[in-house]
Structure formats: structure tokens, C-alpha cells
Amino acid sequence: MDTHEMDSRTDHDIWSGITATDPLALRAWLLALGFTEGILVEGEGGIVQHSEMLWPEGGRVMISSARPNDPHFTMPVGGAMLYVVTDEPDAVHSRAEAAGARFTRQMEDSDYGSRGFSILDPEGNSWSFGTYAG
């Protein structure tokens, strides 16, 4: 794909999925960062079969309970790395600080024009928030 083709392409969303030991706590943590609640489908024994958290600027992430005996949900807990585009990285950074997030990269302005930072969620997944949108 040449540069012209990349500039004119139209993207559809990719929904990332995360398995969690405590998906309800992870949903609450994401709510504190600025996500809004989407669908929540709970099953027997407190299992979260499917849930979605919506990013107000577009996109969403699916969160479910880790189920080692189900081959579809065997992803290791804490093994995800996600990037969230935001026009307001400083506001998200402030909410992350208030939520007690562990920062792995402090707020910085990059040489390619993005402003952003990275944190770990309580399950160990890495989340980067920044203005770079491609």
C-alpha cells in the first residue's frame, strides 16, 4: 500500500478484548478514567460473559472473565497493550492520577507530534493515551 492509499483509507473499528480476574473492578477503573459503561452480560457464578466499555471519543473495549477451560477466553490476564486516542490527554492523565494508576511513561510530547502517557490497570494491562491518531 503506497502513502496515497493509506491517506485515503477509511477505517472501521477494531474492538479489543481483555480477560480479567475481576472484570467488574476493571470496568469501574475504566469508568474513573473517562470510559462510559456499555453492555454487561453476567452468567452463573458471577462470570462476566461479555461487557463493553465505550470511549467517548470513539471506540470500545470488551472485557470478560478469564475462563481457562474455554478456549475462546484463555488469553492471559494482564497480557494486553492498548492505545486510546484522545484530544484531551491532560484531563485523562489527571483522572488516572486520581484513580491511583501506576504510570509506566509520564506525560510527554513526542517528536512525531503526539502528547500522551502510559499506565497499567489493576490487572496488569498496559494502556497508552495520546493524541496521535495516525
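Residues numbered from 1 in each chain as written. Predicted model: local features only at pLDDT ≥ 70, side-chain atom pairs only at ≥ 80, totals over all residues. Heavy atoms only, no water.

## Details of the sheet that holds strand β2 (residues 36-42)
Spatial ordering of the open sheet is given by β1-β4-β3-β2, a layout of four strands whose pairing is mixed. Because the sheet does not close on itself, it has two edges, and the strands there are β1 (16-20) and β2. For this sheet the average axis-to-axis angle between neighbouring strands, irrespective of direction, equals 20°. Judged from the five bridges that link them, β1 and strand β4 (residues 60-65) form a sheet pairing that is parallel. The residue of β4 that forms the bridge with Ile18 is Ile63. With respect to the sheet, helix α2 (residues 23-33) is in contact with β1, β2, β3 (48-54) and β4, its orientation differing from that of β2 by roughly 170°. (Pairing = 2+ DSSP bridges. Helix = DSSP H or I, 4+ residues; strand = E, 2+ residues; numbered from the N terminus. Axes fitted to C-alpha atoms, helices over the stretch in contact; angles between N-to-C directions. Contact = heavy atoms within 4.5 Å.)

## Digging into a nonpolar patch on the surface
On the surface, a nonpolar cluster with roughly 420 Å² of combined accessible area is contributed by Tyr83, Val85, Tyr112 and Tyr132. Within the fold, Tyr132 resides in the segment after β8 (126-130). Of the residues examined, Tyr132 reaches a relative accessible area of 42% and is grouped as partly exposed. (Patch = residues over 30% accessible without salt bridge, like charges linked within 9 Å, V, L, I, M, F, W, Y side chains within 5 Å. Areas by Shrake-Rupley, 256 points an atom, 1.4 Å probe, with all protein chains shown as cover. Salt bridge = Lys/Arg side-chain N within 4 Å of Asp/Glu carboxyl O. Buried < 20%, exposed > 50% of the residue type's maximum accessible area, 1.4 Å probe, protein only.)

Note that all results are geometric; they support no functional claim without further evidence.
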